[in-house]
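Overview (structure and organization)
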Amino acid sequence: MPDLILFNKPFGVLPQFTDRGSPTERLTLSNFIDQPGVYPAGRLDRDSEGLMLLTSDGKLQARIADPKYKMPKTYLVQVEGEPDAQALDQLRQGVQLKDGLTRPADVDRIDDPALWPRDPPIRVRKNIPDCWLRLTIREGRNRQVRRMTAAVGHPTLRLVRWSIGDWTVEGLPPGEWRRDR
């Protein structure tokens, strides 16, 4: 049976096992996961947190990562400002980015989620409010969620991938992993 590992990637960790060519040493998956033969199914930017799936099954890896399968990926997104109905509707209809129109997203404003603290914490600006969104996409362009929220006037301050398909990071502390049962 192929391995499938759920990993809660902390902020600042590279979503790969090696860091060749960097002048300074940076944390990678190998600092947390010592399981030979598993590879990331998709990426999660260094400045993003949350669920990464790793597997030894190439077909499963493709099904998770390839946008043609439209596997939903849900993010908890802290944004600058308070998006109005028009901004949320833009996200729901698709946002025009430099590389084309995004697929429609599912998005709702949510109460502050009970998340672990981020190290370092986000920048807080006294005169600019922020709020949280739950945003689900079914494609995976480079830095897509950050670019989408910026395009509607609300830059991302913190980005946590909460789930991929039916897999979730719920109950998994940052830097920890578990095998899927």
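Conventions adopted
- Residues numbered from 1 in each chain as written.
- Predicted model: local features only at pLDDT ≥ 70, side-chain atom pairs only at ≥ 80, totals over all residues.
- Heavy atoms only, no water.
- Helix = DSSP H or I, 4+ residues; strand = E, 2+ residues; numbered from the N terminus.
- Buried < 20%, exposed > 50% of the residue type's maximum accessible area, 1.4 Å probe, protein only.
- Contact = heavy atoms within 4.5 Å.
- Salt bridge = Lys/Arg side-chain N within 4 Å of Asp/Glu carboxyl O.
- Phe/Tyr/Trp six-rings, centres within 6.5 Å; stacked < 30°, edge-to-face > 60°.
- Lys NZ or Arg CZ within 6 Å of the ring centre and 35° of its normal.
- Polar contact = N/O pair within 3.5 Å; in protein donor to acceptor, adjacent residues only side chain to side chain.
- Core = buried A, V, L, I, M, F, W, Y, C linked by side-chain atoms within 4.5 Å.

Notes on the environment of Pro83
Inspection of the secondary structure assignment puts Pro83 in the loop between β4 (73–80) and α2 (85–93). A relative accessible area of 7% places Pro83 in the buried class.

Focus: helix α3 (residues 144–151)
When α3 is considered as a whole, its buried residues turn out to be Gln144, Val145, Arg146, Met148 and Thr149. Check the buried side of α3 and you find it contacts β4, α2, β5 (96–97), β8 (130–137) and β9 (156–164). Looking one or two places after α3, you find Gly153, whose phi comes out positive at around 90°.

Focus: the pattern of salt bridges
Under the counting rule described, the total for this entry stands at 15 salt bridges. Between Arg125 and Glu80 there is a salt bridge; the shortest N-O distance is 3.6 Å. With Arg125 in the loop between β7 (106–110) and β8 and Glu80 in strand β4, this residue pair connects regions lying 45 residues apart in the sequence. Relative accessible area serves as the criterion here: at 39%, Arg125 is assigned to the partly exposed category. Measuring nitrogen to oxygen at the nearest pair gives 3.3 Å for the salt bridge that ties Glu139 to Arg141. Given the relative accessible area of 8%, Glu139 is considered buried. Beyond isolated ion pairs, a larger network of salt bridges with shared partners links Asp45, Asp47, Arg143 and Arg146.

Concerning unusual backbone geometry
In this structure, Pro120 follows Asp119 across a cis peptide bond, with omega equal to 0°. With respect to the helices and strands, the residue Pro120 is situated in the loop between β7 and β8. Of note in the backbone geometry, Lys70 takes a positive phi value of approximately 55° without being a glycine. One can find Lys70 in the loop between α1 (58–65) and β4. Despite not being glycine, Arg143 has its phi angle at roughly 50°, a positive value.

Overview of the packing of aromatic side chains
Scanning all chains against the criterion turns up one aromatic pair. On the numbers, 5.5 Å between centres and 45° between planes, the contact of Phe7 with Phe32 is tilted. Highlighted residues: Phe7 in strand β1 (residues 4–9) and Phe32 in the loop between β1 and β2 (39–40), separated in sequence by 25 residues. Its guanidinium or amino end placed over the ring of Phe11, Arg118 lies 3.9 Å from that ring's centre, counting from NZ or CZ.

A word on the side chain of Arg158
Structurally, Arg158 can be placed in strand β9. According to the relative accessible area criterion, Arg158 is buried, its value standing at 8%. Among the polar contacts listed, one links the side chain of Arg158 to the side chain of Glu49, at a separation of 2.7 Å. In this structure Arg158 touches Glu49, Leu76, Val77, Gln78, Leu115, Trp116, Pro117, Arg118, Ile122 and Trp132, once residues within four positions along its chain are discounted.

Thoughts on the nonpolar core
Leu54, Val77, Leu91, Leu133 and Leu135 are the most contacted members of the largest nonpolar core, which has 26 residues in total. Listed in part, the 18 residues of the second largest apolar core include Ala41, Leu51, Trp116 and Trp167.

So yeah, pure geometry; function would need other evidence.
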